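An overview of the molecular structure
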Amino acid sequence: MTSYLQKAGTRLFEKNLEQYRPEDPLYEFYTDNRGKQRRRKRAIPPGLSARDAKILKSVQRRAHYLDKGFSICGLRFGWTFIIGVIPGAGDVADVTLNYLLVVRKARQAELPAWLVRRMLLNNAISALSGLVPVAGDIVMAVFKANSRNAALLEEFLRIRGDEFLKLQADKAQGTSQSVPGKDSQQVKPGAGMSDNAAATAPQQKTKFVSWSRPSRKEKERAPTPGEMGRFVEDVELGVTAPSGEAKSSTITVQKR
């Protein structure tokens, strides 16, 4: 009887928490054909550059382990809560990790200033709640600033990808706008695509020809008629040999 009440209370507690906590930034949950709930990694929105996709994956992974790496009685928490339990130093460490691992990484995707301010506001709320002993740490674990920031980044990059795909479709139909609008300038569709082109651009290789001195044994050995100190260098010139045969790519100098 006690175990049944405990399970029922846990399910009720989890149901009430759903409306307060953000979704898992790394995984999404679905129901399979057998009716069981399973999880899978979130798909990257289409239309993004390889740079933006890499940044989003990194932010989602870091936010997951900082906010939702562990679970006890339906309450999911991460390293942010564990470190925040340490008085004083834990709160400072949380603020530092939240910015360095999530916000600073997200800013590499060329985000607008208003979105960065929103992320910093989430971090400020988390930091202020962490100043209250015990209860503040619980509020910080439920608020999950890193998961909220990861959700903001994912939604913004989803809009960027959609805008890029629309521009590509309009360009294919010949109806693309010559002057981008204000919203398009903030979203920056196709941002990071130039980095991919630069990375895949072919590079010219320079060929160097090396010449090594013969060893002492090679000097003492009697040279064959075809090895009379011959030095051959490839040049793109047409040269006619004494026998009348055309040799277009080599000049032979013999030393005796």
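As named in an unreviewed UniProt entry, the protein is PH domain-containing protein, taken from Suillus subaureus.

Counting its secondary structure elements, the protein contains ten helices and eight strands. When the 256 residues of the protein are sorted by exposure, 29% land in the buried category. Accessible area of the protein: about 18100 Å², with a carbon and sulfur share of 56%.

With that settled, consider empty space enclosed by the protein. Under the defined criterion, the tally for this structure stands at one cavity of 30 Å³ or more. In this model, the largest cavity occupies a volume close to 60 Å³. Residues belonging to the lining of the largest cavity are distributed by class as follows: six nonpolar, five polar and two charged.

Moving on: the packing of helix α2 (residues 50–67) against helix α7 (residues 145–173). At a closest axis distance of 8 Å, the pairing of α2 and α7 adopts a crossing angle of 160 degrees. When the interaxial angle is binned, α2 and α7 end up roughly antiparallel. With respect to the hand of their crossing, α2 and α7 are arranged in left-handed fashion. Facing α2, whose interface residues are R51, D52, I55, L56, V59, Q60, A63, L66 and D67, α7 presents A145, N146, S147, A150, L153, E154, L157 and R160. Of the residues contributing to the contact of α2 with α7, the split by class is nine nonpolar, three polar and five charged.

To continue, consider the side chain of S147. Take S147: it is sitting in helix α7. Not counting residues up to four positions away in its chain, the partners in contact with S147 are P22, E23, P25, A63, D67 and K68.

Bringing the packing of α2 against helix α4 (residues 89–106) into the picture now. Between α2 and α4, the least distance of the axes is 9 Å, while the angle of their chain directions is 160 degrees. Comparing their axes, α4 and α2 come out roughly antiparallel. Handedness of the crossing formed by α2 with α4: left-handed. Within the contact between the two elements, α2 uses I55, S58, V59, R62 and L66 and α4 uses L97, N98, L100, L101, V102, K105 and A106.

What follows covers α7. Under the 1.5 Å per step criterion, the end-to-end length of α7 is 43 Å for 29 residues, consistent within 8% with the ideal 42 Å. Turning to α7, its buried residues are A145, N146, S147, N149, A150, L153, E154, F156, L157, R160, G161 and F164. Phi for G174, located one or two positions after α7, is positive at around 75 degrees.

Procedures and definitions
Residues numbered from 1 in each chain as written. Predicted model: local features only at pLDDT ≥ 70, side-chain atom pairs only at ≥ 80, totals over all residues. Heavy atoms only, no water. Helix = DSSP H or I, 4+ residues; strand = E, 2+ residues; numbered from the N terminus. Buried < 20%, exposed > 50% of the residue type's maximum accessible area, 1.4 Å probe, protein only. Areas by Shrake-Rupley, 256 points an atom, 1.4 Å probe, with all protein chains shown as cover. 1 Å grid on protein atoms, 1.4 Å probe; cavity = no way out; pocket = protein on both sides within 12 Å on 5 of 7 lines; lining within 4 Å. Points joined across faces, edges and corners; volume = space filled by probe spheres on them. Nonpolar A, V, L, I, M, F, W, Y, C, P; charged D, E, K, R; others polar. Axes fitted to C-alpha atoms, helices over the stretch in contact; angles between N-to-C directions. Parallel < 35°, antiparallel > 145°, perpendicular 65-115°, else oblique. Left-handed = near helix turned anticlockwise from the far one by under 90°. Contact = heavy atoms within 4.5 Å. Expected span 1.5 Å × (residues − 1).

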